[in-house]
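Report on the structure
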Amino acid sequence: MEIRVLKEYESKRVKIILKNNFVYSGIYFTITSDGLLEFEDRNKEIIRLEPSFVVMIVEINDGGRING
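Residues numbered from 1 in each chain as written. Predicted model: local features only at pLDDT ≥ 70, side-chain atom pairs only at ≥ 80, totals over all residues. Heavy atoms only, no water.

1. With respect to the overall build of the chain
In terms of regular secondary structure, the chain is built from 1 helix and 6 strands. Along the chain, from the amino end to the carboxyl end, the secondary structure elements read α-β-β-β-β-β-β. Relative to the compact-globule value of 11 Å for 68 residues, the chain shows a C-alpha radius of gyration of 11 Å, a close match. Its C-alpha atoms give the chain principal-axis dimensions of roughly 30 × 25 × 25 Å. For the chain, the residues scored as buried account for 31% of the 68 residues in total. Within the chain, residue pairs in contact and separated by at least 24 positions form 42% of the contacts whose partners lie at least 6 positions apart. (Helix = DSSP H or I, 4+ residues; strand = E, 2+ residues; numbered from the N terminus. Rg over C-alpha atoms; globule rule 2.2 N^0.38 Å. Buried < 20%, exposed > 50% of the residue type's maximum accessible area, 1.4 Å probe, protein only. Contact = heavy atoms within 4.5 Å.)

2. Some words on the pattern of salt bridges
For the structure on display, the rule yields 3 salt bridges. As a salt-bridge pair, R4 and E2 come within 2.8 Å of each other at their nearest N and O atoms. With its nearest N and O atoms 2.6 Å apart, the salt bridge here joins E38 to R48. Here E38, found in strand β4 (residues 37–40), pairs with R48, found in strand β5 (residues 46–49); they are 10 residues apart in sequence, far enough to count as distant. Look at E38 and you get partly exposed, because its relative accessible area is 24%. (Salt bridge = Lys/Arg side-chain N within 4 Å of Asp/Glu carboxyl O.)

3. Remarks on the pairing of β4
Burial along β4 is one-sided: the residues L37 and F39 are buried and none of E38 and E40 is. Adjacent in sequence and paired antiparallel, strand β3 (residues 30–31) and β4 are bridged by 5 residues, among which G35 carries a positive phi angle near 85°. (Pairing = 2+ DSSP bridges.)

4. Digging into the sheet that holds β4
Read from one edge to the other, the open sheet built from 3 strands follows the order β3-β4-β5, with strand pairing classed as antiparallel. Sheet topology places β3 and β5 at the edges, where each strand pairs with a single neighbour. As defined by bridge partners, β4 adjoins β5 across 4 bridges and the pair is classed as antiparallel. In the sheet register, E40 faces β5, and the bridge partner there is I46.

Next up, the structure:
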């Protein structure tokens, strides 16, 4: 996915789907100076992903519903 699209969702609560069909839900990510997505998973581990590995991103509102 293009960085410019991902920047619209930076620091928002989102669900992302990766090329390997893995899903991260309810995360807040930032974009590093290297252009990677960085966030903490539910195990408190820091995850860094190449933007090209993301196939879908959806914003989640406070009630857990998907916006859009």
